[in-house]
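Secondary and tertiary structure notes
Now for the letters of each chain:
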Amino acid sequence: MKRQKRNKDELIFSRGYQSGIVGRSKDNCPYITDLQKQLWINGWREGRQDQWSGYSGVSGIHKIANV
């Protein structure tokens, strides 16, 4: 059975989320196009909010797995 490829938009959002949850700056966004940059920043914002809410570390594993 073949593995289904991930949606690129979900991957970009997830990478932004992971950068936000560890506390990296949003200036580290690696994307240039407007849509990709916006997806990454949206993920970054959600990651930062979760970090501030205490979801980083062990308590955030379930949250990250769902992203």
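Structure first, text after, so check above.
The paragraphs below set out a description of the structure included in this document. No experiment lies behind these values; they were computed from the predicted model shown.

1. Side note on the environment of arginine 48
Within the secondary structure layout, arginine 48 lies in helix α2 (residues 34-52). The spatial distance from the C-alpha of arginine 48 to the C-alpha of glycine 23 is 6.8 Å, given a sequence separation of 25 residues. Those residues in contact with arginine 48 that sit more than four places away from it in its chain are Gly20, Ile21 and Gly23.

2. Some remarks on the packing of helix α1 (residues 8-21) against α2
The geometry of α1 relative to α2 is characterised by a closest axis approach of 6 Å and an angle of 40° between their N-to-C directions. Accordingly, the angle class assigned to the pair α1 and α2 is oblique. The chirality of how α1 crosses α2 is right-handed. Every residue of α2 that contacts α1 at Asp9, Ile12, Phe13, Arg15, Gly16, Tyr17, Ser19, Gly20 and Ile21 is listed here: Gln36, Leu39, Trp40, Asn42, Gly43, Trp44, Glu46, Gly47, Arg48, Asp50 and Gln51.

3. Section: the nonpolar core
If you look at the biggest cluster of nonpolar residues, it comprises seven residues: Ile12, Cys29, Tyr31, Leu39, Trp40, Ile41 and Trp44. No other element matches the four residues that α2 contributes to this core. Those residues within four positions of cysteine 29 in sequence are excluded, and the remaining contacts are Lys37 and Trp40.

4. Regarding the side chain of arginine 48
An unpaired buried charge is present at arginine 48: no salt bridge exists, and aspartate 50, the closest side chain of opposite charge, is 11 Å distant. At 2.9 Å, the side chain of arginine 48 forms a polar contact with the side chain of glutamine 51.

What counts, and where the lines are drawn
Residues numbered from 1 in each chain as written. Predicted model: local features only at pLDDT ≥ 70, side-chain atom pairs only at ≥ 80, totals over all residues. Heavy atoms only, no water. Helix = DSSP H or I, 4+ residues; strand = E, 2+ residues; numbered from the N terminus. Contact = heavy atoms within 4.5 Å. Axes fitted to C-alpha atoms, helices over the stretch in contact; angles between N-to-C directions. Parallel < 35°, antiparallel > 145°, perpendicular 65-115°, else oblique. Left-handed = near helix turned anticlockwise from the far one by under 90°. Core = buried A, V, L, I, M, F, W, Y, C linked by side-chain atoms within 4.5 Å. Buried < 20%, exposed > 50% of the residue type's maximum accessible area, 1.4 Å probe, protein only. Lys, Arg positive; Asp, Glu negative; His and termini not counted. Salt bridge = Lys/Arg side-chain N within 4 Å of Asp/Glu carboxyl O. Polar contact = N/O pair within 3.5 Å; in protein donor to acceptor, adjacent residues only side chain to side chain.

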